[in-house]
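# A closer look at the structure
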Amino acid sequence: MQLVVARIGRAHGIKGEVTVEVRTDEPELRLGPGAVLTTDPASAGPLTIETGRVHSGRLLLRFEGVGDRTAAEALRNTLLIAEIDPEELPEGEDEYYDHQLIDLDVVTADGTEVGRITEISHLPTQDLFIVERPDGSEVMIPFVEEIVAEIDLEEQKAVITPPPGLIDDRAEIASSRDES
């Protein structure tokens, strides 16, 4: 399975280093020296990481065969893609890769169907499940311990305990306003 792990930014210095926008929770595993990554566009790669370092809070990488600023700048906006085993699990307990969560059925603790996870949105404060309901509408569910009670990969479901108003039907909310 292929996962986008970074996007190449601007060149840094004159010796071929580039800044990267990290898109993985495991940069030390995916973006270490010697890692061979495919690219999008494919014509830019594959790229082998020669060195990496953090400078002013940004990850800088140098790739084999990219020895100057011009060559580094030509890689700007290229996506770096790692090949991973789909059965691989993150090291931490209660951590998941996005591909493990996509397509999980979402149900409440009492078994009521909410929908299916179609996307994970990574925000600065928390991640959100984008859930498609059976009627085609979408609901956003914060991926926080207080709401997502259980992820069961074997049963392919996420059990939630939503606070009032999070998943209530719009029709129910509208009718309760009319009654007021």
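Here is a short report on the structure shown in this document. These figures come from a predicted structure and were not determined experimentally.

## Brief notes about the layout of surface pockets
By volume, the largest pocket amounts to about 790 Å³. Contributing to the lining of the largest pocket are 26 residues, with Asp25, Tyr96, Asp98, His122 and Asp127 lying nearest its centre. Mapped onto the lining of the largest pocket, the elements with two or more residues apiece are β1 (2-12), α3 (98-101), β8 (113-122) and β11 (148-152). In terms of residues, the lining of the largest pocket owes the most to one element, β11, which gives four residues. Here the lining of the largest pocket is composed, by residue class, of 13 nonpolar, three polar and 10 charged.

## Some remarks on unusual backbone geometry
Cis rather than trans, the peptide bond between Asp40 and Pro41 has omega equal to 15°. For Pro41, the location among the structural elements is in the loop between β3 (36-40) and β4 (47-55). Between Gly45 and Pro46 the backbone carries a cis peptide bond, its omega angle lying at 5°. Looking at where Pro46 falls in the secondary structure, it is placed in the loop between β3 and β4. The phi dihedral of Ser56 is positive, around 55°, even though this residue is not glycine. Within the element layout of this structure, Ser56 appears in the loop between β4 and β5 (58-63). Positive phi outside glycine occurs at Asn77, with the angle close to 70°. Tracing the chain through its elements places Asn77 in the loop between α2 (69-73) and β6 (79-83).

Cut-offs applied
- Residues numbered from 1 in each chain as written.
- Predicted model: local features only at pLDDT ≥ 70, side-chain atom pairs only at ≥ 80, totals over all residues.
- Heavy atoms only, no water.
- 1 Å grid on protein atoms, 1.4 Å probe; cavity = no way out; pocket = protein on both sides within 12 Å on 5 of 7 lines; lining within 4 Å.
- Points joined across faces, edges and corners; volume = space filled by probe spheres on them.
- Helix = DSSP H or I, 4+ residues; strand = E, 2+ residues; numbered from the N terminus.
- Nonpolar A, V, L, I, M, F, W, Y, C, P; charged D, E, K, R; others polar.

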